[in-house]
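So the chains spell out like this:
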Amino acid sequence: MRIGMLTSGGDCQALNAAMRGVVKGLSNNIEDLEVYGFFNGYKGLIYGNYRLLTSEDFSGILTKGGTILGSSREPFKNMRDPGENGIDKVEAMKTNYYKLNLDCLVILGGNGTQKTANLLREEGLNVIHLPKTIDNDIFGTDMTFGFYSAVNIACEAIDCIHTTAASHNRVFIVEVMGHKVGWLTLYAGVASGADIILLPEIPYDDDSIIDAIEKRRKAGKGFTILAVAEGAISKADAKLSKKELKKKREQENYPSVSYRIADMITERTGSEARVTVPGHTQRGGSPCPYDRVLCSRLGSAAAKAIMDGKFGNMVGIVNGETRLIPLEKVAGNLKMVKPGCKMIKEAKRMGISFGD
Ligand code: F6P
């Protein structure tokens, strides 16, 4: 059996652990296995940049962050666009797949990567997708790998801010990644006792933020911690068209949403408000034990799917069990936080403000 493998999109902590899971699951059950690694995401498949990998490549990588294959963003919307060098990317990927006589292509990546994986499936290639992203926004799986490792890092950042915020009676904002969804901010915020959590799915109101800060002050708490998703949006801004919002943000000229909120808080309360952005640290370092287990399970389940010839699927986890989910059913969908879900209600009951 001959398989190809690639990691695409923003990296995360557990990509290597997932690839190791697939290869161990196959090599323990198949004698004549060959694994070709394509470098730097779909680029490697398009431009024929690959190498035959050996068992050495997969040894000692369970705890290693990043990806041994490298990654890049190759947007789905440009896949059919020939670009500067005039290459038909989809045809080039098919050519390399058939040239190597692959039985299957294992693709590790997030939403955009999944859309291209589905496109390759439609084009007749045997593909298996593994759901990677710190954002946990892939539809059809309860969990993506990378998420809990990133929660740990964002949570540690907020924990550290907690002690200094208390000493200085300041308002602190920690801006958390997550692109257009709030899972990472919600989990890191709850885990680290943030007082106000702002998510893209629940547009905020400046007055509600100020009320929550004042309420704490009246209760004798001199400091307030906000966990703000990088995609958080105000109620007023949520009503604007994409074009209007772009123009407004250009005029405001803040590096990100947190800085606008910080200025608003200082202006209205007179308190100093500081912003911390852990940024890409959230994707770095070693995978947490949960992700190592998740990737071992997903990888092993992917190996079984390949041996059974069940291609065209994402291998996800649903209610604690690994499951094959047809790519055609999930590609292009986003899993967002539901504003009325139990977790939000539970957090609100504990006094956490969502700024709504
Ligand atoms: O999708 C993962 C993610 O880290 C998002 O949370 C974030 O918005 C984005 O990638 C950052 O992308 P880049 O690494 O290209 O700056």
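Everything quoted here is computed from the prediction, not taken from an experiment.

Q: Even after reading the chapter, I still don't get the nonpolar core, so can you show me in this structure?
A: One recurring pattern in soluble globular proteins is that nonpolar side chains are buried together. Met5 and Phe145 are the most contacted members of the largest nonpolar core, which totals 64 residues. When residues in this core are grouped by element, the largest group, 8 residues, is from helix α11 (residues 289–307). In this structure, Met5 is in contact with Met19, Val22, Val23, Val35, Tyr36, Gly37, Phe38, Phe58, Leu69, Leu105, Val106 and Leu108, ignoring residues within four places of it in sequence. One finds Leu6, Val90, Tyr97 and Ile325 within the second-largest nonpolar core, a separate group that totals 26 residues.

Q: Teacher, can you tell me more about the environment of Asp135 here?
A: Mapped onto the elements of the fold, Asp135 is located in the loop between β5 (127–131) and α5 (147–168). The sequence separation of Asp135 and Arg260 amounts to 125 residues, and the corresponding C-alpha distance is 23 Å. Dropping the residues within four chain positions of it, Asp135 is found in contact with Phe147, Gly178, His179, Val181 and Trp183.

Q: Explain the sheet that holds strand β2 (residues 34–38) to me, please; I cannot follow it from the model alone.
A: Sheet strands pair by backbone hydrogen bonding; their relative direction is either parallel or antiparallel. Read across the open sheet, the 7 strands follow the order β3-β2-β1-β4-β5-β10-β11; overall the sheet is mixed. Either end of the sheet is taken by a strand with one partner, and the two such strands are β3 (50–53) and β11 (321–326). Ignoring strand direction, the axes of neighbouring strands in this sheet form an average angle of 25°. Of the pairings in the sheet, the one linking strand β10 (residues 313–318) to β11 comprises 6 bridges and is antiparallel in character. Looking across to β11, one finds that Ile317 is bridged to Thr322. With respect to the sheet, α11 is in contact with β1 (2–7), β4 (104–109), β5, β10 and β11, its orientation differing from that of β10 by roughly 140°.

Q: Can you help me understand the site of the ligand in this one?
A: Neighbouring the ligand are Arg73, Ile134, Asp135, Met177, Gly178, His179, Glu230, His280 and Arg283. Side-chain polar atom of Glu230 to an oxygen atom of the ligand: 2.5 Å apart, as the coordinates give it. Note that an oxygen atom of the ligand is positioned 2.8 Å from one of the side-chain N or O atoms of Arg283. Its free accessible area being 400 Å², the ligand has 72% of it covered by the protein chains. When each cavity is represented as a set of grid points, the ligand is found to reside in the largest pocket.

Q: Where do I start with the layout of surface pockets in this structure?
A: Any space left empty among the atoms is revealed by the rolling of a water-sized probe across them. Of the volumes computed, that of the largest pocket is approximately 1,300 Å³. In terms of residue class, the lining of the largest pocket is made up of 11 nonpolar, 14 polar and 14 charged. Of the volumes computed, that of the second largest pocket is approximately 310 Å³. With 5 residues, helix α7 (residues 206–218) is the largest single contributor of residues to the lining of the second largest pocket. A per-class count over the lining of the second largest pocket returns 6 nonpolar, 5 polar and 7 charged.

Q: Teacher, can you tell me more about unusual backbone geometry here?
A: Note: most residues except glycine have negative phi, and most peptide bonds are trans. Despite not being glycine, Asn40 has its phi angle at roughly 60°, a positive value. Relative to the elements of secondary structure, Asn40 occurs in the loop between β2 and α2 (42–47). Of note in this structure, His179 is not a glycine but carries a positive phi near 55°. Along the chain, the position of His179 falls in the loop between β6 (171–176) and α6 (183–191).

Q: Hey, could you run me through α6 in this one?
A: The α-helix advances 3.6 residues per turn, and as a result positions three or four apart in sequence lie on the same side. For α6, every residue scored as buried is listed here: Trp183, Leu184, Thr185, Leu186, Ala188 and Gly189. Each element contacted by the buried residues of α6 is listed here: α5, β6, β7 (196–198), β8 (224–229) and α13 (342–349).

Q: Just to check I follow, could you spell out the pairing of β5 for this structure?
A: Side-chain direction in a regular strand flips from residue to residue, so the side chains alternate between the two faces of the sheet. Of all 5 residues making up β5, 5 are buried, and the element is well covered by its neighbours. Bridge analysis of β4 against β5 gives 5 bridges, and the strand direction is parallel. From the neighbouring strand, Leu105 faces β5, where its bridge partner is Val127. After leaving β4, the chain enters helix α4 (residues 111–122) and then returns to the sheet as β5, a path that is right-handed. Pairing analysis gives 2 bridges linking β5 to β10, with the strands arranged parallel. Note that in β10 the partner of His129 across the bridge is Met314.

The rules behind the values
- Residues numbered from 1 in each chain as written.
- Predicted model: local features only at pLDDT ≥ 70, side-chain atom pairs only at ≥ 80, totals over all residues.
- Heavy atoms only, no water.
- Core = buried A, V, L, I, M, F, W, Y, C linked by side-chain atoms within 4.5 Å.
- Buried < 20%, exposed > 50% of the residue type's maximum accessible area, 1.4 Å probe, protein only.
- Helix = DSSP H or I, 4+ residues; strand = E, 2+ residues; numbered from the N terminus.
- Contact = heavy atoms within 4.5 Å.
- Pairing = 2+ DSSP bridges.
- Axes fitted to C-alpha atoms, helices over the stretch in contact; angles between N-to-C directions.
- Near = heavy atom within 4 Å.
- Polar contact = N/O pair within 3.5 Å; in protein donor to acceptor, adjacent residues only side chain to side chain.
- Areas by Shrake-Rupley, 256 points an atom, 1.4 Å probe, with all protein chains shown as cover.
- 1 Å grid on protein atoms, 1.4 Å probe; cavity = no way out; pocket = protein on both sides within 12 Å on 5 of 7 lines; lining within 4 Å.
- Sits in = over half its atoms within 2 Å of the grid points.
- Points joined across faces, edges and corners; volume = space filled by probe spheres on them.
- Nonpolar A, V, L, I, M, F, W, Y, C, P; charged D, E, K, R; others polar.
- Right-handed = clockwise from strand over helix to strand, strands pointing away.

Honestly, that's just the spatial picture; any functional story needs more than this.
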